[in-house]
Amino acid sequence: MAFVMDFRRLVHEAWPAFEQHERDGWVLRYAGGVTDRANSVYARNVPEDVDAALAYAERFYAERGLAPVFTVGDHALDEVLERRGYRRTRPVQAMVARLDSLPEAPAHPVRIEDEPWDAWMESWWSVDGRYAEGIAAARRIVTGVPAWYAAVEEDGVPLAVGRGVPQGDTLGIYCMATLPAARRRGLGRSVIRALVRRAVPAGMSSAYLVVTEANESAKGLYRSEGFTVAGEGYHYRVGDRSS
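I will try to describe carefully the structure that is included in this document. Predicted model, so just to flag it, every value in this text is computed and none were measured.

The rules behind these values
- Residues numbered from 1 in each chain as written.
- Predicted model: local features only at pLDDT ≥ 70, side-chain atom pairs only at ≥ 80, totals over all residues.
- Heavy atoms only, no water.
- Core = buried A, V, L, I, M, F, W, Y, C linked by side-chain atoms within 4.5 Å.
- Buried < 20%, exposed > 50% of the residue type's maximum accessible area, 1.4 Å probe, protein only.
- Contact = heavy atoms within 4.5 Å.
- Helix = DSSP H or I, 4+ residues; strand = E, 2+ residues; numbered from the N terminus.
- Pairing = 2+ DSSP bridges.
- Right-handed = clockwise from strand over helix to strand, strands pointing away.
- Axes fitted to C-alpha atoms, helices over the stretch in contact; angles between N-to-C directions.
- Parallel < 35°, antiparallel > 145°, perpendicular 65-115°, else oblique.
- Nonpolar A, V, L, I, M, F, W, Y, C, P; charged D, E, K, R; others polar.
- Arc of directions from axis to C-beta.
- Salt bridge = Lys/Arg side-chain N within 4 Å of Asp/Glu carboxyl O.
- Phe/Tyr/Trp six-rings, centres within 6.5 Å; stacked < 30°, edge-to-face > 60°.

A separate point is the nonpolar core. With 37 residues, the main nonpolar core has W15, W120, W124 and Y174 as its most contacted residues. Those residues in contact with W120 that lie beyond four places of it in its chain are Y149, A150, A151, P158, V161, G162, R163 and C175. Ranked by size, the runner-up nonpolar core spans 25 residues in total, among them L171, A199, A207 and A218.

Another point: the pairing of strand β9 (residues 170–178). A large share of β9 lies buried, amounting to eight of its nine residues. Linkage of strand β8 (residues 157–167) to β9, two consecutive antiparallel strands, is achieved through a turn of two residues, within which G168 is found at a positive phi near 70 degrees. With four bridges connecting them, β9 and strand β10 (residues 206–212) associate as parallel partners. Residue pairing for β10: T170 is matched across the bridge by S206. In terms of handedness, the path from β9 via helix α6 (residues 187–199) over to β10 forms a crossover that is right-handed.

Here we take up the packing of helix α4 (residues 118–128) against helix α5 (residues 135–142). Two elements in contact, α4 and α5, have axes separated by 11 Å at closest approach and are oriented at 110 degrees. Overall, the two elements α4 and α5 adopt an arrangement that is roughly perpendicular. The residues of α5 that touch α4, namely those facing D118, M121, E122, W124 and W125, are I135, A138, R139 and V142. Among the residues forming the contact of α4 with α5, the class breakdown is six nonpolar, no polar and three charged.

A separate point is α5. Along α5, the positions that sit buried rather than exposed are A137, A138, I141 and V142. Buried residues along α5 cover an arc of 130 degrees about the axis, so they all sit on one side. For α5, the elements touching its buried residues are α4, β7 (148–154), β8 and β9.

In this structure the tally under the stated criterion is 18 salt bridges. Between R111 and E113 there is a salt bridge, with its nearest N and O atoms 3.1 Å apart. Assessed through its relative accessible area of 32%, R111 is described here as partly exposed. Through salt bridges with shared partners, one network takes in E104, R189, R193 and E225.

Non-glycine residue D155 carries a positive phi angle of around 55 degrees. Tracing the backbone through its elements, the reader meets D155 in the loop between β7 and β8. The backbone phi angle of R184 is positive, close to 65 degrees, even though this residue is not glycine. Positionally, R184 belongs in the loop between β9 and α6.

On to the packing of aromatic side chains. To describe a pair of aromatic rings, you give the distance between the ring centres and the angle between the ring planes. A complete count under the given rule lists 12 aromatic pairs for this structure. Arranged with centres 5.5 Å apart and planes meeting at 65 degrees, the rings of W124 and W125 form a pair that is edge-to-face. Take W124 and W125: they sit in the same class, and that class is buried. When the centroid spacing of 5.9 Å and the interplanar angle of 90 degrees are considered together, the rings of Y234 and Y236 count as edge-to-face. Both residues of the pair, Y234 and Y236, count as buried.

What follows is the structure, given as structure tokens:
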């Protein structure tokens, strides 16, 4: 089975910025500076007047105290941005799995809720949060669309967490994180299996996730659960904050 997915669109929909402005086929996204996904331009084309579109985007982010960032998967736009001095950074791979049947049962009990509870947010943010603050903005992002929030807990503390986003016939898997002291116990694997076991009866036939190219340990886990690299991923182009 060949997977044909627009991963940038899926990520855009599953990780929504709470401020979005559309112009010339571009969606300018802002979410308090928390994550590149939610604070970058989702560009669906190269506008006829690319100079005007770029100037508008650069003003948009300058007014919010951020450097202009583009989520790039299109070669034509990538070349335009490179010529303008935008730096290529943080390449991301997309991985997909076909959900023909239920996976093995998780080796650990997994709690799944329709809303993130405070301890879930705190555990995820302690691992994945790259900012001294921002957890309030992060909560607004992850709760911006219906999703499932999974965790393996011990004594009420989520040791490993994940977020599943139903998107038609596919499940987006996000926020995979395990506390450092709880790693190498298969807890993340249990989270993935629990999310997939909920997706299959709901009629979903595939699952996807995105992972940085450099994260070999995570990719190894996902491959062992049936995920394979699919097509081209995306990367970011970052401009000058003073633009």
